[in-house]
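One letter stands for each residue in the lines below.
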2 protein chains.
Amino acid sequence: MSRSPVPTLQDLALHLGVHKSTVSRAMDAERRHLVAAELLQRIEAAARELGYRPNHAASALSRGRSKTVGVLLPDITNPVFPPILRGIEDALDEEGYFALLANTSRPDNSVDAAQVAVERMQAQRVEGFLVATATRDDAWLDSLRQSGARIVLINRTDGRGHLPAVISDDMLGMRLAVDHLVGLGHKKIAHLAGPETLSTGLARRLGFEQAMREHGLGAKAIACADAYSVESGEIAMHALLSKRSKTQFTAVVAANDLLALGGLQALKLAGLSVPSDVSVVGHNDMQLLDQVNPPLSSVRIQHYEMGFRAARLLIDALRERPGSQEATVVLRPQLVLRASTTVPISSPT
Amino acid sequence: MSRSPVPTLQDLALHLGVHKSTVSRAMDAERRHLVAAELLQRIEAAARELGYRPNHAASALSRGRSKTVGVLLPDITNPVFPPILRGIEDALDEEGYFALLANTSRPDNSVDAAQVAVERMQAQRVEGFLVATATRDDAWLDSLRQSGARIVLINRTDGRGHLPAVISDDMLGMRLAVDHLVGLGHKKIAHLAGPETLSTGLARRLGFEQAMREHGLGAKAIACADAYSVESGEIAMHALLSKRSKTQFTAVVAANDLLALGGLQALKLAGLSVPSDVSVVGHNDMQLLDQVNPPLSSVRIQHYEMGFRAARLLIDALRERPGSQEATVVLRPQLVLRASTTVPISSPT
DNA sequence: TTGTAGGCGTTATCAA
DNA sequence: TTGATAACGCCTACAA
C-alpha cells in the first residue's frame, strides 16, 4: 500500500496520477475552488481512503505560521485560571489554533521560569502570547514586547498601558462591595488587601479606598496579606482584629476569596460570628463559595470571558484587523450576594 | 543586519564564515562535542548576538518528531483536572515537550469533540496521547489505538487492559472509607454512587460493595447520581433518605466530593446533622474541602502524581525504553480525616 | 573536525 | 485548471 505509516500529499498525488500541488490546493479551503469539481471528489475520496493527515510542521515551516500561541500563567492549580484557560482554548479552537501552556510559578527557580518558557515557545514559533501572570515585575515582559512579539495581557495591565489587555474593572468591583455594605448601614469597613506586588492587590485596594472616600468614609482599617491564600488571610485578619477596639469595623471586604475564607476562620477563632457580628465580602466568586459556612458573598469576575476575549483579541491582531489592535477590554464584575452580609450590629463588642 | 526578523542557522553560518551544518551541530547537545571548542564559543556568541532561535517546525519536519503530545480531558474547569494537568506539564517540561490540550466536553456536539480534537492533534503530529476523559464509551479511543497511536490513560483503564494507564486504586479508596466507618462502629452504611458510565463511578461502587462484604455487612443503601455535581448529590441523597426508615444508615460514603457536598445539603434540609446523626466521607479530597461545614473527610487521590507519572510513562514509551511499555501504574489513595465522621448514634431517628 | 548534498511535507510563484 | 520548481529551516548521511 503506502510506503510510509502516514501518507503525504505526494503519496496521494502518485496514487491519483496528478501533481502534488493540485492535491495541496484541494486540501486548502481558500484555494479549493481552483480545482475541478470532479477531481476534487476523487482527491477527497483518496484522502479518506489512504487516511491522509496534513502535516502541520511542514505547513508551518512553509508558510511561517504555526497556528499556535503561548499562554503564560502562574499555576493552573489556582482556581481562577481554569476558567480563563477554558475561555482561551474555546476561542483558539474556533480558529484552529492551539495553546502552548506554561506554569511560570515553580517551587525552585521561580525567577526565570517565565523566561525559559518564553524561549521554548519562541522556538515553537508561537504567533503570540497570552500573559496571565498577574505579577507586576515584568522585566521579561518588557523585553518580550521590545522583541516585537504580539502580546495580550489577561487580568492586568502593564504599567504604561503599552499592551492590549483584557481585565476586570477592579475598582468597580470594590465599589460594588462597599456600596452594598454602606447600603446595609455599615460605616466602619475594613479591607483585607492582597499583595501589592500583584496588580489586582493594588487595584482593589485603591478601589476600596476610593469607594470609601466617595461615601465620605475613612479607609483606615487595612491589612495586607502577603499572598492570596487562606493562611495569609487568617494572619491578616488577626492583624485587623488586634486593632479592632480602635477601628470598630463591622464589615470586611477581602481582595480575594481565599483571603476572605482565612478571615472567616480568624473571626470564628476570635468568637465573632459572620454575618451577625461582622459582614464579609470576598472577591472572584470562585467555585464552591456557596458551600462554605456561611455561604460567602463575593464579587464575581468574568474569568471565562476574559480568557475568551483575550484570545480573540490576539488572533484579530495577528490578522491585523484594524481597530482591535491596541484595544483594552474592561469587563464588568458583578456582586453575588449570599449569607455573609447583613445589617451591622448597633455597636461593636 | 540580518535579512529576516529572526535569523536562521544559515544566517549564523554566513555571519561566521562556516557551514550551516557545523552550526547545526553546535546547537545540538548530542553532537556538540564534534565541534572544535573554539569554534563552538564563537558560534554560541554569535547566536546570542544575533538572537538566534531554533525553528521548531523545521526540526520537527526534518526529524519527524514534534516534541508534542496531545492531552484529552473533559473540562479543565472541573477541579480534579488542574493538578493532573500540572503534573503532566511538569513532566513534559523536563523533556522539552509541550502539551496540546483539548477539552472534550462541549455544550454542543459533545459526541465527536474528542474525534475532532484528535484529528487536529494528529495534524500537529503529536507523538502520543494522554487521555483523561474518564468516560467508558471509547469508540474513538479504540480506533485511535488501532491506528497505532501511543496512548496512556489517566484515572481509568480501558475495558480489556490493552492500554497502559495510571490510575488510583479506587477499590482501596472505598475500602479505606468503609474500614474507617466500621472501625467507628457503623454497620449501616450508605453509598452515594457516581454515574455508572464513568469508570470511577463503577469502580468505586464495586469497591464499596466489596468492602462491605468483607465486613460481613450488606450494601443495600445505594443511590446513583447521574453526574458528579452538587445538585445530583443532593437529589441522590434525597432518594437515600426516603428509604432511611428501612435502611437506617448512620453513615454515607460518596463517590465524589461534590456528591458529598450535595448530600450534606440534603441531610441538613432533612434536619439531620453531620456528623452527629450521619457521618459522611467524600472522595478526591479536592481543594477547600476543609473550608466547608463541617470540614469533610475524604479519600485523597494523587492527582498531580497521576498526571506526572502518565506523562513519564508516555515519554518513556516513545523512547521505547523497555519495561515501561505496557505498564499500568496504580497509585494508593489515602484517607484524610476531618470533622464529618464520628461514632454512630445509638439508634437512628 | 568541517563541508556537501539531499530530503522532510507543504506552499507559493510561475508557466503551461 | 493543472504542473513544475523552488523555497521554508533544519537534520543526516557521507565525503573531504
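Numbers given for residues are sequential positions, taken from 1 along each chain in its written order. Starting at A for chains and at 1 for ligands, labels are handed out in the order in which the entities are written. Confidence filtering applies because this is a predicted model: local features only for residues at pLDDT of at least 70, side-chain atom pairs given and counted only at 80 or more, and all residues used for totals across whole chains, interfaces and linings. Computation of side-chain values covers all heavy atoms of the structure but excludes hydrogens and water.

In the annotation of an unreviewed UniProt entry, the entry for chain A reads LacI family transcriptional regulator, and the organism field reads Limnohabitans curvus.

Engineer: It is not clear to me how the packing of helix H5 (residues 81-94) of chain B against helix H13 (residues 303-318) of chain B should be interpreted in this structure. Could you clarify?
Structural biologist: A pair of packed helices is captured by two measures, namely the crossing angle of their axes and the spacing between those axes. All names here are of chain B. To get an axis, a line is fitted to the C-alpha atoms, and for a helix only the part in contact is used. The angle between two axes follows their N-to-C directions and goes from 0 to 180 degrees. Numbering of helices and strands starts at the N terminus; helices are DSSP runs of H or I of at least 4 residues and strands are runs of E of at least 2. Running from amino to carboxyl end, H5 crosses H13 at an angle of 35 degrees, the nearest separation of the two axes being 6 Å. Crossing geometry of H5 relative to H13 is assigned as right-handed. Mapping the contact onto sequence places Pro-83, Ile-84, Arg-86, Gly-87, Ile-88, Asp-90, Ala-91, Leu-92 and Glu-94 in H5 and His-303, Tyr-304, Met-306, Gly-307, Phe-308, Ala-311, Arg-312 and Ile-315 in H13. Under the scheme applied, nonpolar residues are Ala, Val, Leu, Ile, Met, Phe, Trp, Tyr, Cys and Pro; charged residues are Asp, Glu, Lys and Arg; polar residues are all the others, including Gly. Class assignment for the residues of the contact of H5 with H13 results in ten nonpolar, three polar and four charged. Crossing chirality is assigned from the near helix's rotation relative to the far helix, an anticlockwise turn below a right angle marking it left-handed and a clockwise turn marking it right-handed. Here a residue-residue contact requires only that any non-hydrogen atoms of the pair lie within 4.5 Å.

Engineer: Explanation requested: the protein's contact with DNA strand D in the structure shown.
Structural biologist: Around DNA strand D there are 25 residues in total, and Thr-22 and Ala-36 of chain A together with Leu-9, Tyr-52 and Ser-62 of chain B lie nearest to it. Polar contacts here mean pairs of N or O atoms no more than 3.5 Å apart (in protein, one a potential hydrogen donor and the other a potential acceptor; neighbouring residues in sequence count only if both atoms are side-chain atoms). Arg-25 of chain A is positioned such that a nitrogen or oxygen atom in its side chain is 2.8 Å from a base nitrogen of DNA strand D. Interatomic distance of 2.7 Å between a backbone N/O atom of Ala-36 of chain A and a phosphate oxygen of DNA strand D. Residue assignment for the surface near DNA strand D shows that the elements contributing at least two residues are helix H2 (20-27) and helix H4 (56-63) of chain A together with helix H2 (20-27) and helix H4 (56-63) of chain B. Taken together, the residues of the surface near DNA strand D break down into ten nonpolar, ten polar and five charged. We call a residue near a given molecule or strand whenever any one of its heavy atoms falls within 4 Å of it.

Engineer: When you look at the relation of the copies chain A and chain B in this model, what are you seeing that I'm missing?
Structural biologist: Both copies of the chain are related through a single rotation about an axis accompanied by a shift along the same axis. Mapping chain A onto chain B leaves a residual RMSD of 0.1 Å; the transformation is a rotation of 180 degrees accompanied by 0.0 Å of translation along its axis. What we have between these two chains is a two-fold relation. Across chain A, the rotation axis passes nearest the C-alpha of Val-292 of chain A, at a separation of 2.1 Å. The fraction of interface residues of chain A whose copies in chain B are also interface residues reaches 100%, indicating that both copies meet through the same surface. Least-squares superposition aligns the copies on the C-alpha atoms of those residues with pLDDT at or above 70 in both.

Engineer: Even after reading the chapter, I still don't get the interface of chain A and chain B, so can you show me in this structure?
Structural biologist: Listed per partner, the contact involves 48 residues of chain A and 48 residues of chain B. Buried surface at the junction of chain A and chain B, summed over both partners, amounts to about 4400 Å²; 51% is from carbon and sulfur atoms. The salt bridge definition used is simple: a Lys or Arg side-chain nitrogen within 4 Å of an Asp or Glu carboxyl oxygen. Taken together, the connections running from chain A to chain B amount to four salt bridges. The interface formed by chain A and chain B includes 24 residue pairs in polar contact (both at pLDDT 80 or more). Elements represented by at least two residues in the side of chain A that touches chain B include exactly H4, helix H5 (81-94), strand S2 (98-103), helix H6 (113-123) and helix H12 (257-269) of chain A. Top contributing element to the side of chain A that touches chain B by residue count: H5 of chain A, with seven residues. In the side of chain A that touches chain B, the residues fall into 25 nonpolar, twelve polar and eleven charged. Two parts lose some accessible area (1.4 Å probe) when they are put together, and adding that loss for both gives the buried area.

Engineer: Would you explain the protein's contact with DNA strand C in this entry?
Structural biologist: The environment of DNA strand C is made up of 25 residues, and the closest members are Leu-9, Tyr-52 and Ser-62 of chain A together with His-19 and Thr-22 of chain B. At the protein interface, 62% of the atoms of DNA strand C within 4 Å belong to sugar or phosphate. Within the backbone of Ala-58 of chain A, one N or O atom sits 3.4 Å away from a base nitrogen of DNA strand C. Contact distances for DNA strand C include 2.6 Å between a sugar or linking oxygen and a side-chain N or O atom of Ser-62 of chain A. Listing elements by their share of the surface near DNA strand C, those giving two or more residues are H2 and H4 of chain A together with H2 and H4 of chain B. Residue contributions to the surface near DNA strand C peak at four residues, all from H4 of chain A. Here the surface near DNA strand C is built from residues that sort into ten nonpolar, ten polar and five charged.

Engineer: Got a minute to help me understand the pairing of strand S10 (residues 297-300) of chain A in this structure?
Structural biologist: Moving residue by residue along a regular strand, the side chains alternate between the two faces of the sheet. Residue and element names in this part refer to chain A. DSSP bridges decide pairing: two strands pair if at least two such bridges lie between them. Bridge count for strand S9 (residues 279-284) against S10 is four bridges, and the pairing is parallel. Its bridge partner lying in S10, Gly-282 is registered against Ser-298. Alignment of S10 against strand S12 (residues 334-336), held across three bridges, turns out to be antiparallel. Among the inter-strand pairings, Ser-298 is bridged to a residue of S12, identified as Val-336.

Engineer: So what exactly am I meant to see when it comes to the layout of surface pockets here?
Structural biologist: To find leftover empty space, a probe the size of one water molecule is rolled over the atoms. Using a 1 Å grid laid over the protein atoms alone, points where a 1.4 Å probe fits but cannot get out form a cavity; open sets with protein on both sides within 12 Å along at least 5 of 7 lines form a pocket; any residue with an atom within 4 Å of a point counts as lining. Grid points are joined across faces, edges and corners, and a volume is the space filled by probe spheres set on the points. The space that makes up the largest pocket amounts to roughly 1600 Å³. Contributing elements (two or more residues each) for the lining of the largest pocket: H6 of chain A together with H2, helix H3 (37-50) and H4 of chain B. In terms of residue class, the lining of the largest pocket is made up of 14 nonpolar, ten polar and 16 charged. Its boundaries defined by the atoms lining it, the second largest pocket holds a volume of some 1400 Å³. For the second largest pocket, the lining is made up of 29 residues, of which Met-27, Asp-28, Pro-54, Ser-59 and Arg-63 of chain A are closest to its centre. Every element with two or more residues in the lining of the second largest pocket is listed here: helix H1 (9-16), H2 and H4 of chain A together with helix H6 (113-123) of chain B. Counting residues per element, the lining of the second largest pocket draws most heavily on H4 of chain A, which supplies five residues.

Engineer: Sorry if this is basic, but what is going on with the packing of H6 of chain A against helix H7 (residues 139-146) of chain A here?
Structural biologist: Residue and element names in this part refer to chain A. H7 packs onto H6 with a crossing angle of 25 degrees between their chain directions and a minimal axis gap of 10 Å. Taken together, the axes of H6 and H7 are roughly parallel relative to one another. Classified by chirality, the crossing of H7 by H6 is right-handed. Of the residues in H7, those touching H6 at Ala-114, Gln-115, Val-118 and Gln-122 are Trp-140, Ser-143 and Leu-144. Here the contact of H6 with H7 is composed, by residue class, of four nonpolar, three polar and no charged. Relative orientations are named as follows: roughly parallel for angles under 35 degrees, roughly antiparallel for angles over 145 degrees, roughly perpendicular for angles from 65 to 115 degrees, and oblique for any other angle.

Engineer: Can you help me understand unusual backbone geometry in this one?
Structural biologist: Residue Pro-275 of chain A is bonded to the preceding Val-274 of chain A through a cis peptide linkage, with omega at 5 degrees. Mapped onto the secondary structure, Pro-275 of chain A falls in the loop between H12 and S9. Going from Asn-293 of chain B to Pro-294 of chain B, the amide bond is cis rather than trans, its omega being -10 degrees. You can see Pro-294 of chain B is positioned in the loop between strand S9 (279-284) and strand S10 (297-300). Of note in this structure, Asp-285 of chain B is not a glycine but carries a positive phi near 50 degrees. Its place among the elements puts Asp-285 of chain B in the loop between S9 and S10.

Engineer: Explanation requested: empty space enclosed by the protein in the structure shown.
Structural biologist: Throughout the structure, instances matching the rule amount to three cavities of 30 Å³ or more. In this model, the largest cavity occupies a volume close to 170 Å³. Along the wall of the largest cavity there are 14 residues; nearest its centre are His-56, Thr-68 and Gln-124 of chain A together with His-56 and Gln-124 of chain B. Secondary-structure elements contributing two or more residues to the lining of the largest cavity are H4 of chain A together with H4 of chain B. Here the lining of the largest cavity is composed, by residue class, of six nonpolar, eight polar and no charged. There is about 40 Å³ of room inside the second largest cavity.

Engineer: For this particular structure, what's the right way to read the sheet that holds strand S12 (residues 334-336) of chain B?
Structural biologist: In any sheet, the strands associate via hydrogen bonds between backbone groups, in a parallel or an antiparallel arrangement. Residue and element names in this part refer to chain B. The strand order across the open sheet formed by six strands is S7-S6-S8-S9-S10-S12, and the pairing between neighbours is mixed. Every interior strand has two partners, whereas the edge strands, strand S7 (222-224) and S12, have only one. Here the average twist between neighbouring strands, direction ignored, is 20 degrees. Pairing between strand S8 (residues 251-254) and S9: three bridges, direction parallel. Note that in S9 the partner of Ala-251 across the bridge is Ser-279. Here helix H8 (residues 170-184) sits on the sheet and contacts strand S6 (189-193), S8, S9, S10 and S12; the angle it forms with S9, its principal contact strand, is near 160 degrees.

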